[in-house]
Amino acid sequence: MVLRKELENILMNEALARCRYEVFAEIAREEGLHYIAKVLEETAHNELSHVRELMRMLDLIGDTKQNIGVAIENETLETNRIYPNLQEMSLVENDLDKARFFQQLAKIEARHMERLSKIEELLKVTRCMSGRNPSYGNAEPAAISMKACSHPRSVRDVKARCSASSQKTSAYRGVEVCCMNAPFAVISMTNQKKR
Ligand SMILES: [Fe+2]
Ligand SMILES: [Fe+2]
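Procedures and definitions
- Residues numbered from 1 in each chain as written.
- Chains lettered and ligands numbered in written order.
- Predicted model: local features only at pLDDT ≥ 70, side-chain atom pairs only at ≥ 80, totals over all residues.
- Helix = DSSP H or I, 4+ residues; strand = E, 2+ residues; numbered from the N terminus.
- Buried ≥ 20, exposed ≤ 12 C-beta atoms within 10 Å, placed from the backbone.
- Contact = placed C-beta atoms within 7 Å.
- Expected span 1.5 Å × (residues − 1).
- Axes fitted to C-alpha atoms, helices over the stretch in contact; angles between N-to-C directions.
- Parallel < 35°, antiparallel > 145°, perpendicular 65-115°, else oblique.
- Left-handed = near helix turned anticlockwise from the far one by under 90°.
- Nonpolar A, V, L, I, M, F, W, Y, C, P; charged D, E, K, R; others polar.
- pLDDT = per-residue confidence, 0-100.

Peer 1: I keep staring at the overall build of the protein and nothing clicks. Help me out?
Peer 2: Of the regular secondary structure elements, the protein holds four helices and four strands. The helix and strand sequence of the protein, counted from the amino end, reads α-α-α-α-β-β-β-β. Considering the protein as a whole, with its 195 residues, one finds that 16% of them fall into the buried category. Considering only intrachain contacts with a sequence separation of at least 6, the fraction spanning at least 24 residues in the protein is 63%.

Written out as structure tokens, the structure is:
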């Protein structure tokens with residue numbers, strides 16, 4: 001138990017070091033010190049591998065479904081508790097700039113939460129499409145095409161439907177995937193018939 005606590009503390013320190021070096025690298029670049037920036041970036045990358053190992057030791061890495069669940073939990077906490085509390089504290093101290101900033105952060109975290117929740121829904125569709133979802137029995141596998149989206153914050157409707165057509169479920173019809181600043185958006189979903 002003592003070891004676990006210590007490992008958790010070291011994990012926080014390594015995670016902070018990783019971010020710190022990324023930020024320091026940005027500063028070095030702004031100052032035109034590109035070699036130093038590169039060293040800092042490489043060091044940050046190394047710190048990430050330390051973070052990864054510690055997360056493994058602490059059993060903090062699951063499969064994607066579990067990871068998305070953890071991420072949603074965290075974004076929910078930031079949206080509903082952490083930033084509203086900080087906004088409140090800033091108002092008490094009459095620091096309006098900070099209050100506005102935390103209000104804005106809470107809104108951004110809410111968007112993260114929303115985007116991840118949509119991905120969680122999408123994962124259900126994917127499971128359905130791959131035929132592994134017991135609810136859909138022998139659903140035909142289908143392909144989901146993803147590509148980089150150049151429209152930040154655009155919302156695309158995906159005419160998603162379980163390919164086990166006899167189900168004709170409405171649950172997966174018109175799933176919206178908001179790409180915001182995400183590196184991908186679902187753009188099409190096509191049946192992949194067995195040959
Ligand atoms: Fe380290
Ligand atoms: Fe976030």
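We are not done yet, so read on.
Peer 1: So what exactly am I meant to see when it comes to helix H2 (residues 34–57) here?
Peer 2: Residue pairs three or four apart in sequence face the same way in an α-helix, which turns once every 3.6 residues. End to end, H2 covers 35 Å across 24 residues, agreeing with the expected 34 Å (1.5 Å per residue, within 8%). Every buried residue of H2 is accounted for by Leu 40, Glu 47 and Val 51. Tucked inside the fold, the buried residues of H2 contact helix H1 (2–30). The first or second residue beyond H2 is Asp 59, which carries a positive phi of 60°.

Peer 1: What am I meant to see in the packing of H1 against H2 here?
Peer 2: Helix-helix packing is described using two parameters, namely the angle between the two axes and the distance between the axes. Where H1 meets H2, the closest approach of the two axes is 8 Å, and the angle between their N-to-C directions is 160°. What the angle tells us is that H1 and H2 run roughly antiparallel. In the packing of H1 onto H2, the handedness of the crossing is left-handed. Partitioning the contact of H1 with H2 into residue classes produces 18 nonpolar, three polar and six charged.

Peer 1: I would appreciate a short explanation of H1 in the present structure.
Peer 2: Helix length check: H1 (29 residues) gives 42 Å between terminal C-alpha atoms against 42 Å at 1.5 Å per residue, within 8%. Where H1 terminates, the next one or two residues include Gly 32, which has phi positive at roughly 80°.

Peer 1: Which parts of the structure should I look at to understand unusual backbone geometry?
Peer 2: Most peptide bonds take the trans form, and the phi angle of most residues other than glycine is negative. Even without being glycine, Asp 59 reaches a positive phi, approximately 60°. By secondary structure assignment, the location of Asp 59 is in the loop between H2 and helix H3 (64–92). Positive phi, close to 60°, is recorded for Asn 94, a residue that is not glycine. Mapped onto the elements, Asn 94 comes out in the loop between H3 and helix H4 (96–129).

Peer 1: Would you mind showing me how to read the confidence of the model for the protein here?
Peer 2: Caution applies to low-pLDDT regions: their predicted coordinates should not be interpreted in detail. Averaged over all residues, the pLDDT of the protein equals 75, while 64% of them reach at least 70. Note that residues 128–195 has pLDDT below 50 and, in this model, 100 contacts with residues that lie over four places away or in other chains.

Peer 1: Please clarify how the environment of Arg 18 should be interpreted in this entry.
Peer 2: Mapped onto the fold, Arg 18 is located in helix H1. By the C-beta count within 10 Å, which is 18 here, Arg 18 ends up partly exposed. In the structure, Arg 18 is positioned 29 residues away from Glu 47 in sequence and 5.2 Å away in space, judged by C-alpha atoms. When near neighbours in sequence (up to four residues on either side) are disregarded, Arg 18 contacts Ala 44, Glu 47, Leu 48 and Val 51.

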